[in-house]
Amino acid sequence: ERVPGGESFADMMARVSWTILQLIEAHRGHDIIAVAHGGTIRCALGLALGLEPEHCLAFTMENCSLTRIDHIEGPGWGHNWRVITVNRPPK
C-alpha cells in the first residue's frame, strides 16, 4: 500500500533496484559498500533473489548488521548474484 504522499514498497523496490544497477555500471570492477536502511537492504535482497516485493518483507534487518551481496559478471551472463550473508551481527 502507498502511504499518503509517499510510495509503496513496490515503488521503493523499483527505485532501489534501478539505483543499484546504475551504481554497478558506474563502478564496474570495484567494490561498493553502502550503509543503508533495512528497507533498502530488503530491496537489494529482492533484486538479487528475484523476489516479488511482498516476499522481501519477510526479511528482518537488525540495526548495525551486515548483509553482503556479490554481483557476478561474465560474458553474456547479465546480472547474477551471490548472497554471502544476511543480517550478520557485528563482532
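One can find the structure itself at the top, above this paragraph.
For clarity, every value in this text was computed on a predicted model and none was experimentally measured.

Caption draft 1: Focus on helix α1 (residues 9-26). Between its first and last C-alpha atoms α1 spans 25 Å; for 18 residues at 1.5 Å apiece the expected length is 26 Å, and the two agree. For α1, every residue scored as buried is listed here: F9, M12, M13, V16, S17 and I24. Buried residues along α1 cover an arc of 130° about the axis, so they all sit on one side. Counted as exposed and oriented over 90 degrees from the buried face of α1: W18 and A26.

Caption draft 2: Quick peek at unusual backbone geometry. A positive phi angle, near 65°, is found at C64, a position not held by glycine. Relative to the helices and strands, C64 resides in the loop between α3 (53-56) and β1 (66-72). In this structure, N87 is a non-glycine residue whose phi angle is positive, near 60°. Mapped onto the fold, N87 is located in strand β2 (residues 80-88).

Procedures and definitions
- Residues numbered from 1 in each chain as written.
- Predicted model: local features only at pLDDT ≥ 70, side-chain atom pairs only at ≥ 80, totals over all residues.
- Heavy atoms only, no water.
- Helix = DSSP H or I, 4+ residues; strand = E, 2+ residues; numbered from the N terminus.
- Expected span 1.5 Å × (residues − 1).
- Buried < 20%, exposed > 50% of the residue type's maximum accessible area, 1.4 Å probe, protein only.
- Arc of directions from axis to C-beta.

In short, shape yes, function no, at least from these values alone.
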